[in-house]
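Chain and residue survey
These are the residues of each chain, in order.
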Amino acid sequence: MYEIEQGFPMGKTEMRQVYCEALEQCMQKDSRIVALDADLMTPLGIVGMWKKYPDRIYNCGIQEANMVSLAAGMAKEGMKPFVHTFGVFASRRACDQIYMSCAYAGNAVCMVGSDPGVASALNGGTHAPNEDIAILRACPTMTIVEPADSCTLQKIIPQLAALETPSYLRLFRRQRPSIYSEREEFAIGSAKVLTEGGDAAVFACGIEVYEALEAAARLKKEGICIKVLDLFSIKPLDEHAVIEAAKETGAVVTAENHNIIGGMGSAVAELLAEQYPVPMERVGIRDRFGQVGPMDWLMEHYSLTADTIVDKVKRVIERKVSGKNERKIIG
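First, a word on what this report is: a plain description of the structure on this page. (Residues numbered from 1 in each chain as written. Predicted model: local features only at pLDDT ≥ 70, side-chain atom pairs only at ≥ 80, totals over all residues. Heavy atoms only, no water.)

**Topic: empty space enclosed by the protein**
Put simply, the rule is: A cavity, in this analysis, means grid points on a 1 Å lattice covering only the protein atoms where a 1.4 Å probe fits yet has no way out; a pocket is instead an open set bounded by protein on both sides within 12 Å along at least five of seven lines, and a residue lines either one if it has an atom within 4 Å of a point. Grid points are joined across faces, edges and corners, and a volume is the space filled by probe spheres set on the points. Counting from the N terminus, the helices are the DSSP runs of H or I reaching at least four residues and the strands are the DSSP runs of E reaching at least two. Asp, Glu, Lys and Arg are counted as charged, while Ala, Val, Leu, Ile, Met, Phe, Trp, Tyr, Cys and Pro are counted as nonpolar; the rest, among them Gly, fall into the polar class.
Tallying each qualifying case throughout the model produces two cavities of 30 Å³ or more. By volume, the largest cavity amounts to about 50 Å³. K80, P81, F82, A108, V109, C110, L160, A161, L163, T165 and S167 are the residues that line the largest cavity. Those elements giving two or more residues to the lining of the largest cavity turn out to be β3 (80–86) and α8 (150–162). Here the lining of the largest cavity gets three residues from one element, more than from any other, and that element is β3. Taken together, the residues of the lining of the largest cavity break down into eight nonpolar, two polar and one charged. Empty space within the second largest cavity amounts to approximately 40 Å³.

Structure (C-alpha cells):
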C-alpha cells in the first residue's frame, strides 16, 4: 500500500503549471534539456520559461511533424528535447517522424501530448486523442506514461529527462484531485496499489484513477472489496503487479480515457491472455470518434465514470463466481 491523500482534495495548481515547474527544475540541472512547442506556448503556460530561456525554448509553429524532426536532430547532437502539442498531433500527425527519426534512429525525444481523450472537451472531435496510446505503444523502445495527479507528474518528469529512448507523456493540463502524498515516489515501469481487496482488481490510468477510487468506495459500502492499481506506466507495464493482482482476485477491470482498442486495457488483456487468463471487463471509449462537449458530459456520454466501473466490477465478479469466463458481445 502507498501513502495517498485522504478525501482526494482538488490540486492547488494546474497540471500544466506543475509540468512547467518540473521541466524548469530539470533545465536548471541539465543544460542539454530544451523545449519545443507547436504554437501552444500560452495554453501550456511555458511563455514565462521562454522569456527566461530564449535560447532553449522554441515555438516551431503549427508544423508538428517538422518539429519532431527538428527535435530528433537536436537529440542526435546531444540535446534532450521535450516536444509539446495536442495529443492528436503528437501521435497521429507526427507518427512517422516519431517512429523513424526518434525511435528507429535511437534519438531520445520526449513527446508531450496534452488534453488526452475527453479532456479535449470543447476543442472537439478533431482534437480528441482517443488512440494516441495505441499508435505509440506499437513503436519499439517507446515509453508511455499517464500521471493521475500533480504529484505523479512532478516526480516523473526527471525520469523522462534521463531516458535514452523516446517517450510519450499523456498530459492533462488542468487541475486534478490530489491522490498521492507529496512524499510518494514513482518509478517508470512500476504500478501503485491504492486499495486492497480480493473480489476484483481494477487497473486504471490518468483521470480514471480517481474514478476507480470512487468506485471502490461505493462498492465497499455494498461489501465488495476491490484492489485498485494505478498503471501510470503504460509501457513498460508492471507485468508482475498485473499478474499478481489477477491471481489474488481472479477478476479484473481496466479503466482508461482512451479507445478500448490498443490502449492500457489492451496491454493488460494481452499480458493476461498469455500468462494468467481471468474474467475481464474494460471501461473506455468503445471505438468511437471524439466530439464537442464539456468534459463531465463527455465522461458520462462515453461511460468513463465511477458508475460504469461499479457496474463492470459487479459483472466481472458474477462471471468469476459462475465459473464462466465468457461474456455477451457488446458493441
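From this point on, the discussion continues.
**Description of the pattern of salt bridges**
Going by this rule: We define a salt bridge as a side-chain nitrogen of Lys or Arg found within 4 Å of a carboxyl oxygen belonging to Asp or Glu. For every residue, the accessible area (1.4 Å probe, protein chains only) is compared with the maximum for its type, and the residue is labelled buried under 20%, exposed over 50%, or partly exposed between those bounds.
Going through the model one piece at a time under the given rule, you end up with 20 salt bridges. Here E24 and K52 are joined by a salt bridge, their closest N and O atoms 2.7 Å apart. Here the residue E24 occupies a position in helix α1 (residues 15–29), and K52 occupies one in helix α3 (residues 47–52), the gap between them amounting to 28 residues. Assessed through its relative accessible area of 14%, E24 is described here as buried.

**As for the side chain of S91**
Inclusion rule: Here, two residues are considered to be in contact whenever any of their heavy atoms come within 4.5 Å of each other.
Mapped onto the elements of the fold, S91 is located in helix α5 (residues 89–93). The exposure class of S91 is buried, given its relative accessible area of 0%. Beyond its immediate chain neighbours, meaning those up to four positions away, S91 contacts D132, I135 and L136.

**Description of the packing of α1 against α8**
For the record, the criterion: Structural elements are reduced to axes, namely lines fitted to C-alpha atoms, with helices fitted over the stretch in contact, and the angle between N-to-C directions of any two is expressed from 0 to 180 degrees. Angle categories are assigned with fixed cut-offs, so that under 35 degrees is roughly parallel, over 145 is roughly antiparallel, 65 to 115 is roughly perpendicular, and the rest are oblique. Less than a right angle of anticlockwise turn of the near helix away from the far helix marks a crossing as left-handed, whereas a clockwise turn marks it as right-handed.
In the contact formed by α1 and α8, the axes pass within 9 Å of each other and the chain directions differ by 25°. Of the possible angle classes, the one that applies to α1 and α8 is roughly parallel. As α1 packs across α8, the resulting crossing turns out to be right-handed. From α1, M15, V18, Y19, A22, L23 and C26 reach across to α8, where they touch S150, L153, Q154, I157 and P158.

**What to know about the sheet that holds strand β9 (residues 226–230)**
As a reminder of what qualifies: One requirement defines pairing of two strands: DSSP has to find at least two bridges between them.
Pairing in this open sheet of five strands is mixed, and the strands run β7-β9-β8-β11-β12 from one edge to the other. At either end of the open sheet lies a strand with only one pairing partner, and these are β7 (192–195) and β12 (280–285). Averaged over neighbouring strand pairs, the angle between their axes works out to 25° when direction is ignored. Of the strand pairs in this sheet, strand β8 (residues 200–204) and β9 are connected by five bridges, and their pairing is parallel. For V202, the partnering residue across the bridge sits in β9 and is V228. Where helix α13 (residues 306–322) meets the sheet, it contacts β8, β9, β11 (252–259) and β12, and its direction lies at approximately 160° from that of β12.

**Concerning unusual backbone geometry**
Put simply, K235 and P236 share a cis peptide bond, and its omega is 0°. Among the structural elements, P236 can be located in the loop between β10 (233–235) and α10 (239–249). For T141, which is not glycine, the phi torsion reads 75° and is therefore positive. The topology assignment puts T141 in the loop between α7 (132–137) and β5 (143–145). According to the relative accessible area criterion, T141 is partly exposed, its value standing at 44%. We note that D287 has phi near 55°; this positive angle belongs to a residue other than glycine. Checked against the element boundaries, D287 lands in the loop between β12 and α12 (295–301).

**Considering the nonpolar core**
What counts here: Nonpolar cores were defined as sets of buried Ala, Val, Leu, Ile, Met, Phe, Trp, Tyr and Cys residues, with membership established by side-chain atoms within 4.5 Å.
One finds Y19, F82 and V313 to be the most contacted residues of the largest nonpolar core, which totals 67 residues. Here this core gets eight residues from one element, more than from any other, and that element is α1. For F82, the contacting residues outside a window of four places in its chain are Y19, L23, I33, V34, A35, L36, C110, V112, I157, L160 and A161. In terms of nonpolar packing, the next biggest core, distinct from the first, is built from 46 residues, C139, I144, F203 and L231 among them.

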